[in-house]
Amino acid sequence: AASTAAPAGAPRLHAEAPIAIWCDGSCAPNPGPGGWGAIVEQGGARLELSGAAPRSTNNIMEMTAAIEALRRTPAGASVHVTTDSRYLMDGITRWLPGWKRRGWRKADGDPVLNQGLWEALDALVQARRVRWAWVQGHAGHPENERCDELANAARRGP
């Protein structure tokens, strides 16, 4: 998935203060062209990120948004990530330990989908103090709505 570089003048994040991330993904149709959007905020300074992939899934875009946002945070930082994706939320907070224990197999024995993305996300989370929160999508949460706008704009392209 293509990603955008941090724009010139983007806030310089540091591990000494909490960082907030909101993230969202979009695919239409699913699978099909995808986009992701994220907001990274620390001390009132805000960075908006987005990117697109010509062929993806909604779940891949949801994960990519979290990965790209976390990549911009320093190791050791305290990060609060908010998502509207149950797949991302349950995967990282509930299912991941069992998948790893079973050699990247789900409880039914089938391979875990998107293993490479889960491994990348796990490595980023292990290097930071991350708390996760879920919000209902399309329910008026300002940052979630903005991430949805960013993801859809990226998906649609210039």
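The notes below deal with the structure included here. (Residues numbered from 1 in each chain as written. Predicted model: local features only at pLDDT ≥ 70, side-chain atom pairs only at ≥ 80, totals over all residues. Heavy atoms only, no water.)

**Quick notes on the pattern of salt bridges**
Inspection of every chain in the model, using the stated rule, returns nine salt bridges. Ionic pairing is found between Arg72 and Glu68, a salt bridge with its closest N-O pair at 3.2 Å. (Salt bridge = Lys/Arg side-chain N within 4 Å of Asp/Glu carboxyl O.)

**Section: helix H1 (residues 58-71)**
Compared with an ideal rise of 1.5 Å per residue, which puts 14 residues at 20 Å, H1 spans 20 Å between its outermost C-alpha atoms and is within 8% of the ideal. Of all 14 residues in H1, 10 are buried; the element is thus mostly enclosed. Where H1 is concerned, the buried positions are Met61, Glu62, Met63, Thr64, Ala65, Ala66, Ile67, Glu68, Ala69 and Leu70. (Helix = DSSP H or I, 4+ residues; strand = E, 2+ residues; numbered from the N terminus. Expected span 1.5 Å × (residues − 1). Buried < 20%, exposed > 50% of the residue type's maximum accessible area, 1.4 Å probe, protein only.)

**Regarding the packing of helix H2 (residues 86-101) against helix H3 (residues 115-126)**
Between H2 and H3, whose axes approach to 11 Å, the crossing angle comes to 95°. Judged by the inter-axis angle, H2 sits roughly perpendicular to H3. Contact residues: Tyr87, Leu88, Gly91, Ile92, Leu96, Trp99 and Lys100 in H2; Trp118, Leu121, Asp122 and Val125 in H3. Here the residues of the contact of H2 with H3 are counted per class, giving eight nonpolar, one polar and two charged. (Axes fitted to C-alpha atoms, helices over the stretch in contact; angles between N-to-C directions. Parallel < 35°, antiparallel > 145°, perpendicular 65-115°, else oblique. Contact = heavy atoms within 4.5 Å. Nonpolar A, V, L, I, M, F, W, Y, C, P; charged D, E, K, R; others polar.)

**Focus on the sheet that holds strand E4 (residues 78-83)**
Pairing in this open sheet of five strands is mixed, and the strands run E3-E2-E1-E4-E5 from one edge to the other. The strands lining the two open edges of the sheet, one partner per strand, are strand E3 (45-56) and strand E5 (129-134). Taking the axes of each pair of neighbouring strands and ignoring which way they run, one obtains an average angle of 20° across the sheet. Sheet analysis places strand E2 (residues 32-42) next to E3, joined by 10 bridges and oriented antiparallel. Among the inter-strand pairings, Val40 is bridged to a residue of E3, identified as Leu47. (Pairing = 2+ DSSP bridges.)

**Thoughts on the pairing of E2**
Of all 11 residues that make up E2, nine are buried, and the element is covered over most of its length. Bridging between strand E1 (residues 19-27) and E2 involves eight bridges; their strand directions are antiparallel. Paired with Ser26 across the two strands is Gly35, which belongs to E2. Counted between consecutive antiparallel strands, the loop separating E1 from E2 contains four residues. Connecting the antiparallel pair E2 and E3 is a turn made up of two residues, with Gly43 showing a positive phi of about 55°.

Worth remembering: the numbers are spatial, not functional.
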